[in-house]
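Architecture and fold: a report
Listed below, chain by chain, are the residues.
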There are 2 protein chains.
Amino acid sequence: MSPPSAIQQSLTESAVASSIAVHNRTETTNVGTAAVPVTSSSTPDLPELDASKLKITITKNPKPFIEDVSGIEWGNQDVCTDHMITAKWTDATGWEAPELKPYGPLEDLMPTASCLQYATECFEGLKAYRGYDGAVRMFRPNRNAARMLISSTRIALPSFPPSALEELIKTLIAHDAPKWLPKPGTCIYVRPTMIGTGVALGVQKPREARLFIVAALFPILDTKPMKLLASSENSIRAWPGGFGYAKVGANYGPSLMAQKEAQSRGYDQILWLFDKSCLVTEAGASNFFVIWRNRETNKLELVTAPLDDKIILNGVTRRSLLELARARLTGTEGEIEGLDVIERKYTMHEVVEAAQEGRLIEAFAAGTAYFVTSVIDIHFRGVDIQPLEKAGKYTLLLKNWLQGIVYGKERHEWAHTIKEVGFKSEPQDEDEIEALAQKIREMKSNPAWSAAFARV
Amino acid sequence: MSPPSAIQQSLTESAVASSIAVHNRTETTNVGTAAVPVTSSSTPDLPELDASKLKITITKNPKPFIEDVSGIEWGNQDVCTDHMITAKWTDATGWEAPELKPYGPLEDLMPTASCLQYATECFEGLKAYRGYDGAVRMFRPNRNAARMLISSTRIALPSFPPSALEELIKTLIAHDAPKWLPKPGTCIYVRPTMIGTGVALGVQKPREARLFIVAALFPILDTKPMKLLASSENSIRAWPGGFGYAKVGANYGPSLMAQKEAQSRGYDQILWLFDKSCLVTEAGASNFFVIWRNRETNKLELVTAPLDDKIILNGVTRRSLLELARARLTGTEGEIEGLDVIERKYTMHEVVEAAQEGRLIEAFAAGTAYFVTSVIDIHFRGVDIQPLEKAGKYTLLLKNWLQGIVYGKERHEWAHTIKEVGFKSEPQDEDEIEALAQKIREMKSNPAWSAAFARV
């Protein structure tokens, strides 16, 4: 039971840390500001991912615009925008120039591609928001870009300067937001993905990879509160020494059977517990928070699981809520009682006890997709427990603050304004001209654009 | 610490068990014999995967044959055969008729495909062997087909009758072995894969999926013994309640960084340990065995980790070696001392102790890809330990028995003989006729076919 020798510790951790250190040296001044190309590279002889090299090919066949976003079901149909950005990498030649091009199927993916066999894949999820002032904003995209590097390194995919990814994400939105995100108070979802495309069947680090960024229509936020089914000891999401902290495909597929079981029993998501002690970790693919009153101190506490064991996703929403709560909720102001903001391990037994003693005030799940959603029921070992408040005031406050920031009601450095662009290339033939004309007709028919057209 | 209530136990396990029970009811009489279409279905209204519906399209552009198999590096180049078998599934229409068609990239895989985002993917690995008697054999393909159903169910992919998959596997080999497996004493590798292709971005069970089966040239078996680096506490392959027992992509990608680190330090594979007690589990993607002398009883023991906790892959080679050892090595015969065959949890500390006391006789890794390979060195916490024998007699005996079976020296029910077929369709145009003529020229130039041509 002696600790492992220094030489053997953290094989994977050290690789991740070293890859990130190389890039973050040039990234630290870039957080929260517009991205600039980064010149440093972990493999100095090979080209880095470079957003300034982007080649742009505008679609000649724009998709029909879906006017009523409230009607779509995210994912149940293909609701991606007109364009995608892709970039290829090989271990021999580094990163090729990225391309913005018409959205479509992946070309040349072979049956033996590493991503289809060995799950060498990782992704990010973030949103672009059309503010009530007409501006498009993204929420802390630098955080997503930095986390994507952590994930890609963990899953043996190539490294890249996070600022380059951030710039590419913003460029896709700059091109597609004018048509696809016309309505103030709505958002579209952005999904950067990296996959190993090398055809090696031997289990090894892929020698080829591809980055792609797509954007998809997203439904109006569902504000229905959530019911959770606590996982059993026979079904766990992540473990220490694994990869629960990384946004890799391997964290999701294996959770689907439990998720389906939860839904068939009337619950929305699994509340993932860990260890025989039933540590509370995550709710579905979201982070999970409780607000309870401490029995000893009688103080209100906002509690969520810590990142130490690396079994919890380091959520951008999670981090932002903790920062907001620490800044705005720790002091008592007016009617709002202050609370302590705590990241610590806690068990389902503690949650049950708090509920039984009337101390469990609120609970919510938080993530990019479902934002901040109240949890009103948790089933654990045959018993359903409920927080006292179904739409608690702290949950609502935090949610409203975040919404204010992303939709531009509150000016905040977390919201990056996107400078939207038109079409960079001149139309070259009759089809292309007609395609652009059609796009203009669509925009003209859209009330959100009427003001702009009136000026021309 | 009380056990979970019955209602919450085994969400995932029960789903797996139920899916498998449905299919195995009709499968039990089918083990070890040629596959026949199965009519029962877990979704009675939708078409099942049905090998008898196979549509066949022979390639018009056969690939150049690689004469010298010893020169290829498995996976470092694309060395797949001329054809692949694919079959599409949707939750609305069930399984479409499978197709045998020219090997090539996957069509229409969208960027948001579930397999690229959430690792909804699983695979199998098995081989076809050209015997010294000229016949092609596969080793227990029914076992691989049955395990594929366990894996697909675990990763939320559709179910299918294992006998249908077995038949499809055999059909691909029946078509491609004549050209691609000409030389007695060699093998080609077969890789059935299932992927989720539904475009839903919501984390959910994929509504579309694809099965494909490809075959690839495999190098002459490397008999170089193996050196292993024991994993640290910070790097863990699998966990109870996870999916270590299933052949899903999610078990492989996350292991690559540790694997790369091992190789950069001069070792071939990671020896995966589990728990603070350092339980020995697997070696790379192979099962792991030790042969040691029990200190108390002074008896020789063949020991490998048990399947109980579901963190170990239920290897076909593992199972076969255990069965052979139980049948042939437990009694003392001539010069060969009998040994006890034991599946039990054992720790790295026990292995180290046995080595220090001169009781660690042999160690080997076993799996389809690397067959049975001696392990001559294990690095654990700063110390390298070695079994007494570098090419131990028990390891060699087991390996030779298996090789005898797959190459037809020993008649055994585990070896399924494949009836090779020619081209089922008539050539239709000049190009096709010339392609077939070229194929015949290649076969004529190959010594392995001379006897057959002499008869015609």
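About the criteria used
- Residues numbered from 1 in each chain as written.
- Chains lettered and ligands numbered in written order.
- Predicted model: local features only at pLDDT ≥ 70, side-chain atom pairs only at ≥ 80, totals over all residues.
- Heavy atoms only, no water.
- Helix = DSSP H or I, 4+ residues; strand = E, 2+ residues; numbered from the N terminus.
- Contact = heavy atoms within 4.5 Å.
- Areas by Shrake-Rupley, 256 points an atom, 1.4 Å probe, with all protein chains shown as cover.
- Buried area = accessible area lost by both parts, 1.4 Å probe.
- Salt bridge = Lys/Arg side-chain N within 4 Å of Asp/Glu carboxyl O.
- Polar contact = N/O pair within 3.5 Å; in protein donor to acceptor, adjacent residues only side chain to side chain.
- Nonpolar A, V, L, I, M, F, W, Y, C, P; charged D, E, K, R; others polar.
- Buried < 20%, exposed > 50% of the residue type's maximum accessible area, 1.4 Å probe, protein only.
- Domains from an automatic or database assignment.
- Least-squares fit on C-alpha atoms with pLDDT ≥ 70 in both.
- Core = buried A, V, L, I, M, F, W, Y, C linked by side-chain atoms within 4.5 Å.
- Axes fitted to C-alpha atoms, helices over the stretch in contact; angles between N-to-C directions.
- Parallel < 35°, antiparallel > 145°, perpendicular 65-115°, else oblique.
- Left-handed = near helix turned anticlockwise from the far one by under 90°.
- Pairing = 2+ DSSP bridges.
- Right-handed = clockwise from strand over helix to strand, strands pointing away.
- Expected span 1.5 Å × (residues − 1).
- pLDDT = per-residue confidence, 0-100.
- Phe/Tyr/Trp six-rings, centres within 6.5 Å; stacked < 30°, edge-to-face > 60°.
- Lys NZ or Arg CZ within 6 Å of the ring centre and 35° of its normal.

Next up on the list: the overall build of chain A. Regarding its fold elements, chain A presents 10 helices and 19 strands. Of all intrachain contacts in chain A linking residues separated by at least 6 positions in sequence, the fraction that spans at least 24 positions is 73%. Accessible surface computed for chain A: about 17600 Å², of which carbon and sulfur atoms make up 51%.

Moving on, we come to the interface of chain A and chain B. Across the contact, 88 residues belong to chain A and 90 residues belong to chain B. Taken together, the two surfaces of chain A and chain B that pack against each other cover about 7600 Å², and 62% of this comes from carbon and sulfur. Where chain A packs against chain B, one counts 0 salt bridges. One can count 17 residue pairs in polar contact (both at pLDDT 80 or more) joining chain A with chain B. With 6 residues, helix α5 (residues 256–264) of chain A is the single largest residue contributor to the side of chain A that touches chain B. Class assignment for the residues of the side of chain A that touches chain B results in 46 nonpolar, 28 polar and 14 charged.

To continue, consider the pattern of salt bridges. Residues and elements named next belong to chain B. What the rule picks out here adds up to 42 salt bridges over all chains. One salt bridge in this structure joins glutamate 233 and arginine 381, with 3.7 Å as the shortest N-O distance. A residue pair is termed long-range when its members are at least 10 positions apart, and glutamate 233 in the loop between β10 (226–230) and α5 (256–264) and arginine 381 in the loop between β17 (371–380) and β18 (383–385) qualify at 148 residues. What makes glutamate 233 partly exposed here is its relative accessible area of 30%. On the basis of relative accessibility, which here comes to 15%, the residue arginine 381 falls in the buried class. For arginine 293, the salt bridge is made with glutamate 337, and the minimal N-O distance between the two is 2.9 Å. Of this pair, arginine 293 sits in strand β13 (residues 286–293) while glutamate 337 sits in the loop between α6 (316–328) and β15 (339–343), and the two are 44 residues apart along the sequence. Judged by relative accessible area, glutamate 337 falls into the partly exposed class, the value being 30%.

Residues and elements named next belong to chain A. What the domain assignment lists for chain A is domain 1 (34–217) and domain 2 (226–406). Between domain 1 and domain 2, roughly 1900 Å² of surface is buried when both sides are summed, and carbon and sulfur atoms account for 63% of that area. The largest per-residue losses of area from domain 1 upon contact with domain 2 belong to Phe139, Arg147 and Arg154, which jointly make up 32% of the total buried on that side. Joining domain 1 to domain 2, the criterion identifies 1 salt bridge. As a salt-bridge pair, arginine 140 and glutamate 323 come within 3.4 Å of each other at their nearest N and O atoms. Taken together, domain 1 and domain 2 are joined by 10 residue pairs in polar contact (both at pLDDT 80 or more). Mapped by element, the contributors of at least two residues to the side of domain 1 that touches domain 2 are β5 (121–123), β6 (126–130), β7 (136–139) and α3 (141–154). No other element matches the 6 residues that α3 contributes to the side of domain 1 that touches domain 2.

So, on to the relation of the copies chain A and chain B. Both copies of the chain are related through a single rotation about an axis accompanied by a shift along the same axis. Between chain A and chain B, the superposition needs a rotation of 180° and an axial shift of 0.0 Å, giving an RMSD of 0.1 Å. Within this description, the copies of the chain are treated as partners about a two-fold rotation axis. Considering only C-alpha atoms, the part of chain A nearest the rotation axis is alanine 250 of chain A, at 2.2 Å. A high fraction, 99%, of the interface residues of chain A reappear at the interface in chain B, so the copies pair face to face through one surface.

As a further point, take unusual backbone geometry. Residues and elements named next belong to chain A. Positive phi, close to 65°, is recorded for cysteine 278, a residue that is not glycine. Within the fold, cysteine 278 resides in the loop between β11 (269–274) and β12 (279–283). Although it is not a glycine, asparagine 298 adopts a positive phi angle of roughly 65°. By the secondary structure assignment, asparagine 298 is in the loop between β13 (286–293) and β14 (300–304).

Ranked by internal contacts, the top residues of the largest apolar core, which has 212 residues, are Leu116 and Ile173 of chain A together with Leu116 and Ile173 of chain B. Residues in contact with isoleucine 173 of chain A, not counting those within four places in the same chain, are Ala128, Val136, Met138, Pro178, Ile188, Val190, Ala215 and Ile418 of chain A.

What follows concerns the packing of α3 of chain A against helix α4 (residues 162–180) of chain A. Residues and elements named next belong to chain A. Interaxial distance between α3 and α4 falls to 8 Å at its minimum, and their mutual angle equals 130°. Looking at the two axes, α3 sits oblique to α4. For the pair α3 and α4, the crossing hand works out as right-handed. Contacts between α3 and α4 involve Pro141, Asn142, Ala145, Ala146, Met148 and Leu149 from the former and Pro162, Leu165, Glu166 and Lys170 from the latter. Tallied by class, residues from the contact of α3 with α4 come to 7 nonpolar, 1 polar and 2 charged.

All names here are of chain B. Pairing of strand β14 (residues 300–304) with β15, which is carried by 5 bridges, proceeds in the parallel orientation. Opposite threonine 304, over in β15, you have glutamate 343 as the bridge partner. For the handedness criterion, the β-α-β arrangement of β14, α6 and β15 is classed as right-handed.

The terminal C-alpha atoms of helix α4 (residues 162–180) of chain B lie 25 Å apart, and with 19 residues this matches the ideal 27 Å at 1.5 Å per residue to within 8%. Burial analysis of α4 of chain B places 18 of its 19 residues in the buried class, which makes it a mostly covered element.

Turning to the pairing of strand β8 (residues 186–196) of chain B, a few remarks are in order. Residues and elements named next belong to chain B. The buried count for β8 comes to 11 of 11 residues, which makes it a mostly enclosed element. Burial of β8 is two-sided: the residues Thr186, Ile188, Val190, Pro192, Met194 and Gly196 facing one way and the residues Cys187, Tyr189, Arg191, Thr193 and Ile195 facing the other way are all buried. The pairing of strand β5 (residues 121–123) with β8 spans 3 bridges and is classified as antiparallel. Note that in β8 the partner of glutamate 121 across the bridge is isoleucine 195. Bridge analysis of strand β6 (residues 126–130) against β8 gives 5 bridges, and the strand direction is antiparallel. Opposite lysine 127, over in β8, you have tyrosine 189 as the bridge partner. In this sheet, strand β9 (residues 208–217) lies alongside β8 in antiparallel orientation, the contact comprising 9 bridges. For isoleucine 188, the partnering residue across the bridge sits in β9 and is leucine 217.

Take the side chain of threonine 395 of chain A next. All names here are of chain A. Inspection of the secondary structure puts threonine 395 in helix α8 (residues 393–406). By relative accessible area, threonine 395 is classed as buried at 3%. Apart from residues no more than four positions distant in its own chain, threonine 395 is found in contact with Glu362, Phe364, Val372 and Ser374.

Residues and elements named next belong to chain B. Their axes nearest at 10 Å, the elements α6 and helix α8 (residues 393–406) cross at an angle of 110°. The angle between α6 and α8 falls in the class roughly perpendicular. Facing Thr317, Ser320, Leu321, Leu324, Ala325 and Arg328 of α6, the residues of α8 in contact are Leu398, Trp401, Leu402 and Ile405. Within the contact of α6 with α8, the residues separate by chemical class into 7 nonpolar, 2 polar and 1 charged.

This brings us to the environment of glutamate 166 of chain A. Looking at the element boundaries, glutamate 166 of chain A is found in helix α4. Distance in space between the C-alpha atoms of glutamate 166 of chain A and isoleucine 312 of chain A is 23 Å, their sequence separation being 146 residues.

A separate point is the side chain of threonine 59 of chain B. Residue and element names in this part refer to chain B. Within the secondary structure, threonine 59 sits in the loop between β1 (55–56) and β2 (83–90). Judged by its relative accessible area of 8%, threonine 59 is buried. Ignoring any residue separated from it by four or fewer positions in sequence, one finds threonine 59 in contact with Asp82, His83 and Pro102.

To continue, consider the confidence of the model for chain A. For any part of a model where pLDDT is low, the fine detail of the predicted coordinates should not be relied upon. Residue and element names in this part refer to chain A. Residues at a pLDDT of 70 or more form 82% of chain A, whose mean pLDDT is 87. For the stretch residues 1–12, pLDDT sits under 50, and the model shows 31 contacts to residues farther than four places along the chain or on other chains. Here the complex is predicted with pTM 0.86, and the ipTM for its interfaces comes to 0.86.

Attention now goes to the packing of aromatic side chains. Using the criterion set out here, one finds 25 aromatic pairs over all chains in the structure. Here phenylalanine 123 of chain B and tyrosine 252 of chain B contribute two aromatic rings whose centre-to-centre distance is 5.1 Å and whose plane-to-plane angle is 55°, an arrangement assigned as tilted. Taken as a pair, phenylalanine 123 of chain B in strand β5 and tyrosine 252 of chain B in the loop between β10 and α5 lie far apart in primary sequence, 129 residues in all. Taken together, the ring pairs connect Trp239, Phe243 and Phe274 of chain A together with Trp239, Phe243 and Phe274 of chain B into an aromatic cluster. Lying over the aromatic face of tyrosine 267 of chain A, lysine 227 of chain A brings its terminal NZ or CZ to 5.5 Å of the ring centre.

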